[in-house]
Amino acid sequence: MIIEPSVVHGLIAAQFPHWSDLPVEAVGASGTANAIFRLGADKAVRLPRTEGSAADVATEHRWLPLLASRLPFPVPLPLAQGVPDRAFPRPWSVCTWLDGTNPRPGDGSSASELLAADLAEFVLALRRIDPADAPAAYRSESLASRDTETSEALATLDEFLDGSRDGVLDGSRGGALDGSLDRALDRTVDRASATAVWHEAVSAEPFTGRPVWVHGDLQPGNVLVADGRLTAVIDFGCTGLADPAVDLIAAWYLLTAEARETFRTAVAADDATWTRGRGWALSIALMELAHYRDTNPVMARIAAQVIAEILTDHSRARVRPPSSP
């Protein structure tokens, strides 16, 4: 769905005329849930692209003010809730604008131990928030319940890698992946290794405790950084109660190996929780790669990088000598 700034300006003029003189600017984001526009200097307009993301509008308006007051980093604060009309058929929202940039796989921020510490601080603060009356998160199911879908995505990995080796997916031919990442995948990714990581994850001790608050989608498009530090966390459409391992996907989506260890130490993840977190990251990335490889180059590139990080990480762990007694 392509939404022009003129549509947003019309919605604002009709429903919130006191903001009608503010300029509207489209934001070049790769997300698939919402179209984002900057309204003036300090506001953002979020228009859901799907019915599923439209349902998140009421959830965010209900819970973000509470979460914001208890979190150590800025999150978007809802300012107004728009209603469907002939110009746009879904509920939509106006919230505060937050400064910062989305990190990219392999950039300097991903190796920042300060960013790792910031992410851990955010995750732990979110877990401590009272779960009373909170909704289930988008990813509140058990990891094992994703086995069928994840296995189907694993089955497409060979086809993807064959296309990669044939040059179908390199940047010079307009595909999803640039050449350097293409070569990295060719070295580190294979279906057998990915399957082994997945089986290990679903065989890990399951979570049986009380669900905690999670963001649910700590990916590059949903965090903002500056100078190697976390400046804000955005897009809470997946938030709610779930296994705390869900938010450990940040370790592979946002961090490189050394920073990942800093993050793990700070969140005090035991082996079972860490293994489930790695499984969540792999499952999500495999499904995103299968779904977006022909339609969303940025999302496909991120997913491919995550898979490579996971398999390299897992391979290193298997050859690491045991610690001294």
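The model shown is predicted, which means the values in this text are computed figures rather than measured ones.

### Some points on helix H11 (residues 271-292)
Link 1 in the chain: In a regular helix each residue adds 1.5 Å, so 22 residues correspond to 32 Å; H11 covers 31 Å between its end C-alpha atoms and thus fits that length.
Link 2 in the chain: Of all the 22 residues making up H11, 18 are buried; the element is thus mostly covered by neighbouring parts of the structure.
Link 3 in the chain: Put simply, Asp270 is the residue that caps the front of H11, since its side-chain oxygen is 3.3 Å from the backbone nitrogen of Ala272.

### Observations regarding the packing of aromatic side chains
Link 1 in the chain: The final tally for this structure, using the stated rule, is 5 aromatic pairs.
Link 2 in the chain: Measuring from centroid to centroid gives 5.7 Å for Phe16 and Trp19, while their planes differ by 45°, and the two rings are tilted. Trp19 shares its class with Phe16; the two are buried.
Link 3 in the chain: Plain terms: the ring middles of Trp252 and Trp274 are 4.7 Å apart, the flat faces sit at 45° to each other, and that makes the pair tilted. Taken together, the positions of Trp252 in helix H9 (residues 250-253) and Trp274 in helix H11 put the pair 22 residues apart, joining distant regions of the chain.
Link 4 in the chain: Accessibility expressed as a relative area gives 3% for Trp274, which makes it buried.

### A closer look at the side chain of Asn34
Link 1 in the chain: Its place among the elements puts Asn34 in strand S2 (residues 34-39).
Link 2 in the chain: In this structure, Asn34 is in contact with Arg46, Leu47, Pro48, Arg49 and Asp235, ignoring residues within four places of it in sequence.

### Digging into the packing of helix H5 (residues 147-155) against H11
Link 1 in the chain: Between H5 and H11, whose axes approach to 9 Å, the crossing angle comes to 55°. The pairing of H5 with H11 is recorded here as oblique in orientation. For the pair H5 and H11, the sense of crossing is left-handed. Contacts between H5 and H11 pair Glu149, Thr150, Ala153 and Leu154 from the former with Ser283, Leu286 and Met287 from the latter.
Link 2 in the chain: Here the contact of H5 with H11 is composed, by residue class, of 4 nonpolar, 2 polar and 1 charged.

### Quick word on the environment of Ser93
Link 1 in the chain: Tracing the sequence through the fold places Ser93 in strand S5 (residues 92-96).
Link 2 in the chain: Judged by its relative accessible area of 6%, Ser93 falls in the buried class.
Link 3 in the chain: It is 5.9 Å that separates the C-alpha atoms of Ser93 and Val45, two residues lying 48 residues apart in sequence.

### Section: the sheet that holds S5
Link 1 in the chain: Strands sit in the order S1-S2-S3-S5-S4 across an open sheet of 5 strands; the sheet is antiparallel. Each end of this open sheet is capped by a strand with a single partner; those strands are strand S1 (24-26) and strand S4 (78-82). Sheet twist, expressed as the mean angle between neighbouring strand axes with direction ignored, is 25°.
Link 2 in the chain: Here strand S3 (residues 43-48) runs beside S5; their pairing, made up of 4 bridges, is antiparallel. Opposite Ala44, over in S5, you have Cys95 as the bridge partner.
Link 3 in the chain: Of the strands in this sheet, S3, S4 and S5 touch helix H3 (residues 56-68), which is tilted by about 160° from S4.

### Quick look at the confidence of the model for the chain
Link 1 in the chain: A residue-level look at the chain finds 87% of positions with pLDDT of 70 or above and a mean pLDDT of 88.
Link 2 in the chain: In the model, residues 165-177 has pLDDT below 50 throughout and makes 30 contacts with residues more than four positions away in sequence or in other chains.

Calculation criteria
- Residues numbered from 1 in each chain as written.
- Predicted model: local features only at pLDDT ≥ 70, side-chain atom pairs only at ≥ 80, totals over all residues.
- Heavy atoms only, no water.
- Helix = DSSP H or I, 4+ residues; strand = E, 2+ residues; numbered from the N terminus.
- Expected span 1.5 Å × (residues − 1).
- Buried < 20%, exposed > 50% of the residue type's maximum accessible area, 1.4 Å probe, protein only.
- Polar contact = N/O pair within 3.5 Å; in protein donor to acceptor, adjacent residues only side chain to side chain.
- Phe/Tyr/Trp six-rings, centres within 6.5 Å; stacked < 30°, edge-to-face > 60°.
- Contact = heavy atoms within 4.5 Å.
- Axes fitted to C-alpha atoms, helices over the stretch in contact; angles between N-to-C directions.
- Parallel < 35°, antiparallel > 145°, perpendicular 65-115°, else oblique.
- Left-handed = near helix turned anticlockwise from the far one by under 90°.
- Nonpolar A, V, L, I, M, F, W, Y, C, P; charged D, E, K, R; others polar.
- Pairing = 2+ DSSP bridges.
- pLDDT = per-residue confidence, 0-100.

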